[in-house]
Amino acid sequence: MEKIKNLLGRAKLFRSLKVRIFVIMLLVGVVPSFIIKHGILDNYETRAIDVRKSDVQNQLKILANHLITYNYLQDTSSEVINAELEQLSNLYDGRVLIIDRSFKIIKDTYGISEGKIIISEEVMKCFQGTGMSNHDKVNGYIEMTTPITSAVLTQDLTGGKPDKEEVVGVMLISVSTDSIVATQEILNRKAMIIELIMLLVLVGIAGVLSTVLIRPFERVTQAINEVKAGFTDEQISVPDYLETEHIVDAFNQMLGRMKVLDDSRQEFVSNVSHELKTPITSMKVLADSLLQQPDAPVELYKEFMVDIADEIDRENKIITDLLSLVKMDKKVAELNISSAHINELLELILKRLRPIARKQDVEVVFESVRPVTAEVDEVKFTLAISNLVENAIKYNKQHGWVKVLLDADHQFFTVEISDSGIGIPEDVMEHIYERFYRVDKSHSREIGGTGLGLAITRNAILMHRGSIKAESIPGEGTTFVVKMPLIYIA
Ligand SMILES: Nc1ncnc2c1ncn2[C@@H]1O[C@H](COP(=O)(O)OP(=O)(O)OP(=O)(O)O)[C@@H](O)[C@H]1O
Ligand SMILES: [Mg+2]
């Protein structure tokens, strides 16, 4: 368990960019030098051993010739040869044995084994003509055999045939490789010191570089933290790298969006409180003025009470509208989809609104190109269309008309609501779906709206994956076109 925790801790550390840069730099620096060092030193050893072998081999060949010349195999008293042998064994810190045909050691530079018989594989092989060399790494010496050959005259003296070489003895030599190992050790030590210095320098460079490289990212984090902590809401700027610039750009865009959202939220809250306060203020004024007149007539009471009831209705409507907007705002708001006869729904909506239209002296007509059945949330769809028709009636003229036209193709159905009303100026068209937006505040106040109707309508339509568009000529009339899919796609 402890091990796993440790591993996780380390893994987390390695997720740091700084640590990664540091490690990569270190590896990039250290690994090649490590490989080079070992490559060169290993190579040195084999090369040095090879050179030593061929040196000794050459010396032995020369010596073998001398041995024959001085007839040393028969008589070992030659001072010249003995001196040469001495020199050779001193030179290579080694031991030379000379063995005659009967495998007897006739000379040992150590003087220990003279007169003894030696029968070993190497010696036998050498008598057959093949010398060998063997490097004993563990004990630190090279063992070599060289045949001593002598020319034997062939029987045929007339033909001038070449003389036959015959192995008459064997030289066995073992030379120490201590000096090579010592040199290698010195080299090794030097390489290690250089490596250590390089490692220290690399650690330093990697440390500094990783810190420097990472700094812009730390600056981004710091800048974002400052914004988060609320010290500033200015746009941040860390232009060091293209990458940090991208991060900062994205962050600034998000900051901009958040500001817009925050502004609209604040505006919304102040609008809501204002709208909610207006009816209450009116009620307070009405109630106060009644209280100030202790003997006010009953008629006045009745009149004011009607006004107060109207204000309560207004307040109630605002709250209901707000609640339905909030509900639709939450993305979780679920649609209660069912297959509905749109013609019947529209007839019902118009039936409900006709009394209001009659009061305003506005004629409402319904036209349907074909019967339409579609998958909608009846309540929300009714709310959306009711708001549009209600507006068409409210913002109309005396003896005006409202026309509702239903049509469909194989994919969508459209409800077109046109009126002969006051119209909407071109430049405010984009604002009419905003909450609490009203084109002419004084006029609308008289008509009595809160500016939430179209916001609710649009939300309800968007939830059905539909669209809403408006066209208007001020003074002549307005047409809203609602386009909705026949089959609801979740
Ligand atoms: N058919 C129309 N003709 C002219 N102006 C319209 C029409 N429909 C909407 N408007 C304008 O758009 C504004 C916003 O409409 P919306 O339905 O959102 O609010 P409202 O009718 O004022 O209040 P509410 O519908 O919440 O009671 C209206 O105040 C009005 O100025
Ligand atoms: Mg409205």
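Residues numbered from 1 in each chain as written. Chains lettered and ligands numbered in written order. Predicted model: local features only at pLDDT ≥ 70, side-chain atom pairs only at ≥ 80, totals over all residues. Heavy atoms only, no water.

A. Just the overall build of the protein chain, in detail. Check the secondary structure of the protein chain and you find 11 helices and 12 strands. For 490 residues, the compact-globule estimate of 2.2 N^0.38 gives 23 Å, and the protein chain exceeds it by more than 25% at 54 Å. By its C-alpha atoms, the protein chain is 165 × 60 × 45 Å across when sized along the principal axes. A burial count over the protein chain gives 35% of its 490 residues as buried. Pairs at least 24 apart in sequence give 66% of the contacts found in the protein chain among residues at least 6 apart. A total accessible area of about 30,500 Å² is found for the protein chain, and carbon and sulfur atoms account for 58% of it. With 55 positive and 69 negative side-chain charges, the protein chain shows a spacing of 3 Å between the two charge centroids. (Helix = DSSP H or I, 4+ residues; strand = E, 2+ residues; numbered from the N terminus. Rg over C-alpha atoms; globule rule 2.2 N^0.38 Å. Buried < 20%, exposed > 50% of the residue type's maximum accessible area, 1.4 Å probe, protein only. Contact = heavy atoms within 4.5 Å. Areas by Shrake-Rupley, 256 points an atom, 1.4 Å probe, with all protein chains shown as cover. Lys, Arg positive; Asp, Glu negative; His and termini not counted. Charge placed at Lys NZ, Arg CZ, Asp CG, Glu CD.)

B. Here's a closer look at the domain arrangement of the protein chain. What the domain assignment reports for the protein chain is domain 1 (7–183), domain 2 (242–325) and domain 3 (334–485). Taken over C-alpha atoms, the centre of domain 1 sits 108 Å from the centre of domain 3. (Domains from an automatic or database assignment.)

C. Up close: the sheet that holds strand β5 (residues 164–176). The strand order across the open sheet formed by five strands is β2-β1-β5-β4-β3, and the pairing between neighbours is antiparallel. The open sheet is flanked by β2 (105–108) and β3 (132–136), the only strands paired with a single partner. Neighbour-to-neighbour, the strand axes of this sheet turn through a mean angle of 20 degrees, independent of strand direction. Where β3 and strand β4 (residues 141–152) come together, five bridges link them in antiparallel fashion. Bridge pairing in β4 places asparagine 134 opposite glutamate 143. Helix-sheet contacts for helix α2 (residues 17–69) involve β1 (94–100), β3, β4 and β5, and the interaxial angle to β4 is about 30 degrees. (Pairing = 2+ DSSP bridges. Axes fitted to C-alpha atoms, helices over the stretch in contact; angles between N-to-C directions.)

D. View of the side chain of glutamate 315. Its place among the elements puts glutamate 315 in helix α7 (residues 298–329). The side chain of glutamate 315 sits in the buried core without any salt bridge; arginine 314 is the nearest counter-charge, 7.5 Å away. Contacts of glutamate 315, omitting those with residues within four sequence positions, involve Leu276, Pro279, Ile280 and Met283. (Salt bridge = Lys/Arg side-chain N within 4 Å of Asp/Glu carboxyl O.)

E. Quick peek at the packing of aromatic side chains. Throughout the structure, instances matching the rule amount to four aromatic pairs. Summarising the aromatic geometry, the rings of phenylalanine 103 and phenylalanine 127 are spaced 5.2 Å apart at their centres and angled 90 degrees between planes, so their arrangement reads as edge-to-face. Taken together, the residues phenylalanine 103 in the loop between β1 and β2 and phenylalanine 127 in helix α4 (residues 121–127) connect sequence positions 24 residues apart. For phenylalanine 103, a relative accessible area of 22% translates into the label partly exposed. Measuring from centroid to centroid gives 5.9 Å for phenylalanine 381 and phenylalanine 413, while their planes differ by 70 degrees, and the two rings are edge-to-face. (Phe/Tyr/Trp six-rings, centres within 6.5 Å; stacked < 30°, edge-to-face > 60°.)

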